[in-house]
Amino acid sequence: MSTNDMVLQHLEAGLLTITMNRPDRRNALNPDMVSGLVEAARRAAEDHDVRALLLKGAGGTFCVGGDVKAMAEGRTPLPFEAKLANLRRGMEVSRILHQMPKPVVAQLDGAAAGAGLSIALSCDLRVASEGCKITTAFAKVGFSGDYGGTYFLTKLLGSAKARELYLLSPVLSASEALALGMVTKVVPDADIDAAARELAQSLAQGPSVALGYIKRNINNAEEFSLEACFDGEAIHHTRAGETADHKEAAKAFVEKRKAAFVGH
């Protein structure tokens, strides 16, 4: 368990909830929070007791991105190489969330902006509250983008829409983001905690091996040839068919009841 009080972790019934915990700064990213996020994401990927992940922010906001106020305070600047290494190390959180063989749900309330939006886009599903504001934000503060946002948004929406959202940096409502396909569902503000947890918990109770293979197949489809994707699907489908979860699902289907998955 992490001792980083800026990134809280709670594991219950296979669901690891990771909470960004700087509510006074709307969960803006600073070095301690970033290192805590990377540590928590690695734990989620490696811990066999973790079957799904819910990523959220404390205090009614997901994450507004980098701590621009701290940047503007003009602390002693680091050499270019050190800044580059620090940023690249922190960006690993997006890669781990995207590639881990477990489903990841982001709970978007308040605002998801800049690197915060990038991290949310690296997740598999996004549940947004009606009042959430969503924006790339980078151009407005003189940055080009980080944490994989340009990659994920281009894959998700295509290059034309990604160019528009990055170059013009509009602030989208949750309903506008839903219409574009940036979020999975939108719920009333009062329901966001319950709705996001319910979705994430349903995945934690699902056939986790098969869900991991589904995620890998879709990631492969974004990068590999048709033949390579066929090969991957065949391998993963066969392996999933040998799991206890598949046998339980087949039995439950015949018996006309809900399957009780065990995660292997």
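The coordinates are above.
Residues numbered from 1 in each chain as written. Predicted model: local features only at pLDDT ≥ 70, side-chain atom pairs only at ≥ 80, totals over all residues. Heavy atoms only, no water.

Turning our attention to the side chain of threonine 136. Topologically, threonine 136 is positioned in the loop between β7 (133-135) and α6 (149-157). At a separation of 3.5 Å, a polar atom in the side chain of threonine 136 contacts the side chain of serine 169. When near neighbours in sequence (up to four residues on either side) are disregarded, threonine 136 contacts Ala113, Gly114, Leu117, Leu153, Leu165, Tyr166 and Ser169. (Helix = DSSP H or I, 4+ residues; strand = E, 2+ residues; numbered from the N terminus. Polar contact = N/O pair within 3.5 Å; in protein donor to acceptor, adjacent residues only side chain to side chain. Contact = heavy atoms within 4.5 Å.)

The next point concerns the environment of aspartate 5. Along the chain, aspartate 5 falls in the segment before β1 (7-12). Between the C-alpha atom of aspartate 5 and that of methionine 20, which follows or precedes it by 15 residues, the distance is 9.0 Å.

The next thing to look at is the packing of aromatic side chains. For the coordinates displayed, the defined rule picks out 2 aromatic pairs. Taking 6.0 Å as the distance between ring centres and 5° as the angle between the ring planes, the aromatic pair formed by phenylalanine 138 and tyrosine 166 counts as stacked. Of the two residues, phenylalanine 138 sits in the loop between β7 and α6 while tyrosine 166 sits in helix α7 (residues 159-167), which places them 28 residues apart along the sequence. Considered together, phenylalanine 138 and tyrosine 166 belong to a single accessibility category, that of buried residues. With a centroid separation of 5.3 Å and an interplanar angle of 85°, the aromatic rings of tyrosine 151 and phenylalanine 152 are classed as edge-to-face. For tyrosine 151, a relative accessible area of 33% corresponds to the partly exposed category. Overall, the relative accessible area of 9% leaves phenylalanine 152 in the buried class. (Phe/Tyr/Trp six-rings, centres within 6.5 Å; stacked < 30°, edge-to-face > 60°. Buried < 20%, exposed > 50% of the residue type's maximum accessible area, 1.4 Å probe, protein only.)

Attention shifts here to the sheet that holds strand β5 (residues 111-113). Note: strands within a sheet are paired through backbone hydrogen bonds, in either parallel or antiparallel orientation. If you trace the 3 strands from one edge of the open sheet to the other, you get β5-β7-β8, paired in mixed fashion. Of all strands in the sheet, those bounded by a partner on one side alone are β5 and β8 (172-173). Relative to β7, β5 runs parallel, the two sharing 3 bridges. Across the sheet, the residue bridging to alanine 112 is isoleucine 134, located in β7. (Pairing = 2+ DSSP bridges.)

Right, let's talk about the nonpolar core for a bit. With 48 residues, the main nonpolar core has Leu37, Leu97, Leu108 and Ile134 as its most contacted residues. Top element by residues in this core is helix α1 (residues 31-46). It accounts for 7 residues. Dropping the residues within four chain positions of it, leucine 97 is found in contact with Ala41, Leu53, Leu55, Val104, Ile119, Ser122, Cys123 and Lys215. By size, the runner-up hydrophobic cluster in this structure holds 12 residues, among which are Leu15, Leu54, Ile192 and Ala200. (Core = buried A, V, L, I, M, F, W, Y, C linked by side-chain atoms within 4.5 Å.)

Turning our attention to the pattern of salt bridges. Scanning the entire structure with this criterion turns up 11 salt bridges. With its nearest N and O atoms 2.8 Å apart, the salt bridge here joins aspartate 67 to arginine 25. With aspartate 67 in the loop between β3 (52-57) and α2 (68-72) and arginine 25 in the loop between β2 (15-20) and α1, the pair connects residues that are 42 residues apart, well separated along the chain. According to the relative accessible area criterion, aspartate 67 is buried, its value standing at 7%. Note that glutamate 255 is salt-bridged to arginine 257, the shortest N-O span being 2.6 Å. By relative accessible area, glutamate 255 is classed as partly exposed at 43%. (Salt bridge = Lys/Arg side-chain N within 4 Å of Asp/Glu carboxyl O.)

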